[in-house]
Amino acid sequence: MIQVRKIIHRGATQILLSFNYNQELLKKLKTIERIHYSKTYHGWYIPYESKCWKSFLALDIPHEIIDSKKGIAQDTLEGGTNQNEKAEHILTGSAPHSPAHSDNTGITSYKDVTSTLSLNGENGESDIHQITGGREVWFSGGKFVLKIPYNTNEVQFVKSLNGWWHKSAKKWIVKGTLENLVSIQAYYNVWDNNVYNRIEDILLMTAKPYVVTIYRVPEERHFVIVRISGFKANIDIVKRMAEREYLKEHQRWKIPNDPILVNRLIDSYRKDGATIINRLPLIGEDYQKNRPSYGEWKRRWLEKVDVDLRDIIEQYLDALGAMRYSLRTFDSYLGAFLKYVRHVGKDNVNQATSADIRNYMAKLGAPKVSESLLNTSINSIKFYYQHVIFNKELVIEEIKRPKKSKPLPVILSTKEIDRLLRSTENLKHTTLLFTLYSSGMRLNEILHLRVEDLWWDREQIMIRSGKGKKDRIVPFSGVLKLMLMRYFDEYKPIYWVFEGQDRKYQYSEKSVQNVVKRAAKSANIQKKVTPHTIRHCFATHLLDGGTDVRYIQELLGHANITTTLIYTHVTNQSIDKIVSPLDRLMGSVDSEKYFRSGEEKSES
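Analysis parameters
Residues numbered from 1 in each chain as written. Predicted model: local features only at pLDDT ≥ 70, side-chain atom pairs only at ≥ 80, totals over all residues. Heavy atoms only, no water. Pairing = 2+ DSSP bridges. Helix = DSSP H or I, 4+ residues; strand = E, 2+ residues; numbered from the N terminus. 1 Å grid on protein atoms, 1.4 Å probe; cavity = no way out; pocket = protein on both sides within 12 Å on 5 of 7 lines; lining within 4 Å. Points joined across faces, edges and corners; volume = space filled by probe spheres on them. Nonpolar A, V, L, I, M, F, W, Y, C, P; charged D, E, K, R; others polar. Patch = residues over 30% accessible without salt bridge, like charges linked within 9 Å, V, L, I, M, F, W, Y side chains within 5 Å. Areas by Shrake-Rupley, 256 points an atom, 1.4 Å probe, with all protein chains shown as cover. Salt bridge = Lys/Arg side-chain N within 4 Å of Asp/Glu carboxyl O. Lys, Arg positive; Asp, Glu negative; His and termini not counted. Charge placed at Lys NZ, Arg CZ, Asp CG, Glu CD. Axes fitted to C-alpha atoms, helices over the stretch in contact; angles between N-to-C directions. Contact = heavy atoms within 4.5 Å.

Engineer: Whenever I open this one, the pairing of strand β7 (residues 128–132) confuses me. Can you help?
Structural biologist: Along any regular strand, the residues point their side chains to alternate faces of the sheet. For β7 and strand β8 (residues 135–140), the ladder comprises five bridges, and the chain directions are antiparallel. Across the sheet, the residue bridging to Q130 is V137, located in β8. Hairpin connection, β7 to β8: the antiparallel pair is bridged by two residues, and G133 has positive phi, about 55°.

Engineer: Got a minute to help me understand empty space enclosed by the protein in this structure?
Structural biologist: Here the idea is plain: a probe the size of a water molecule rolls over the atoms and shows the empty space left. For the coordinates displayed, the defined rule picks out one cavity of 30 Å³ or more. Every residue lining the largest cavity is listed: E445, H448, L449, D453, M462, I463 and R464. Residues that form the lining of the largest cavity fall into these classes: three nonpolar, one polar and three charged.

Engineer: Which parts of the structure should I look at to understand a positive patch on the surface?
Structural biologist: On the surface, a cluster of positive charge is contributed by K510, K517, K521 and K528. Relative to the elements of secondary structure, K521 occurs in helix α19 (residues 509–522).

Engineer: Which parts of the structure should I look at to understand the sheet that holds strand β9 (residues 143–147)?
Structural biologist: Strand pairing in a sheet relies on backbone hydrogen bonds. The paired strands run either parallel or antiparallel. The strand order β7-β8-β9-β11-β10 describes an open sheet built from five strands, whose pairing is antiparallel. At either margin of the open sheet sits one strand with a lone partner, and together these are β7 and β10 (164–166). Strand-to-strand, the axes of this sheet are offset by a mean angle of 25°, without reference to chain direction. Against the sheet, helix α5 (residues 152–160) contacts β8, β9 and β11 (171–175), and its axis sits at roughly 30° relative to β11.

Engineer: Would you mind going over the sheet that holds strand β18 (residues 460–463) with me for this structure?
Structural biologist: Here we have three strands laid out as an open sheet, ordered β17-β18-β19, and antiparallel in their pairing. This sheet does not close on itself; its edge strands, each paired only once, are β17 (454–455) and β19 (472–475).

Keep in mind that these numbers describe shape and distance, not what the molecule does.
Below, the structure written as structure tokens:
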């Protein structure tokens, strides 16, 4: 259901379309010309024009019109001439095809008060129009319009309000703000109290819209947070709810996380005219990205493969699927195995010997290729003979693998890490960096971190389905808690802790990599820094601090301790205790006298 309301935004009248995120619905709406997203209103809007409104109606989407003046919901419209006219009436505040009415305040109608001023004179000499001392002042479309005789002092005054001259209309235009309202009234004394208060209300509704935001925070696991803000915000509705509590420190309310209570609250505030921003996960909504199934992946691969090789590749794919290998392994194994099949020939694959495989590996390794490519090739060939055709006579272990290089990981000092964490003013990016360094998560693990995985009271973070499909728990840093409290209050994530722009799926791998790369550049760190570099720093700095390597193995989720032991080569825990033989030698010599005598000799 879409809520439709009339707003003043970017100095013009717009039609705001508010709804909970729905990908299919959004696709339909994006077919409307000149539709835009507003961060201020957290919704999509279209110009307040007949053409755009008819384009919206043509989509035949269920919607309800919120009366801009009264703040109450009207009947849901399902189409038809009468309903369309009624919608026009609610949006404009005047009866369809009828002249605007007047009241005793001198203001024509709500339509005229909030509609965009036509500066070419066709319908623009109305709205809130006052004349004083030969000067004319309008308030229309969220702007002040002044028609004044040329006078140096008055022109300077208007320019001081950042006003600009509209050449064709021959009028001055001033942005509609509370500050400009006060200044114009003080200078011209143009409006009586009733009119002034009416304009002030309109500006306040625009500058501070009545908004109710509902979201979750990890420190209040069994509650829902309600933040009420804006002009004429009504807290009486939430105060009538049982078990509600006001959190004075954060200026927000909390209510039990009961769907019935939450929906009742939303309905009450919607009827009161508030814009609802719902950041709660939808029941039954799938927040996992639609990844292809094994069957779809298999079909795609078979379409790529030569027809004469499809039967052998299909057997290979079925074996990979039966053993539940990851789709990434599908790609790497299949690509390597296809090269092997094409080299030895399809008819010779099942009769190949260890010598044939060694000859193929020798040819593959002749040019300069990475060791990982050679190892992947061996593994893909080994998988075929052991798990597809079950050839036990072929001893793959006899094939010698390339000697694996053992480069030491890139490590940042604690000072460099400190600069990295302070390098960005973006709260989301800072929180991401803090979480990486505090937990030692892999890139894929932090992307799949859910709000439910932050165990606040237990001071633990649950990492689900890490590498090797293993779960593990890491400590929840107190400093990270403080950072996350700020982050949740501002960004209000729905399902994933770090979600993408669509607020449904998680942040992308590329986005995280770019955040780390830009942070390293801003911190003036010359080393190549990636998210995995921060993981290396987490492990090494723990080892520097005296943490047992077995605990570090558990925190990192390493299956084998030898993987963790690589950090013993870069830690300074023991190296700091080693005294250089040069220092030991010079310790028995007066260093200052030694170097001074050396300088005297060089001078002579």
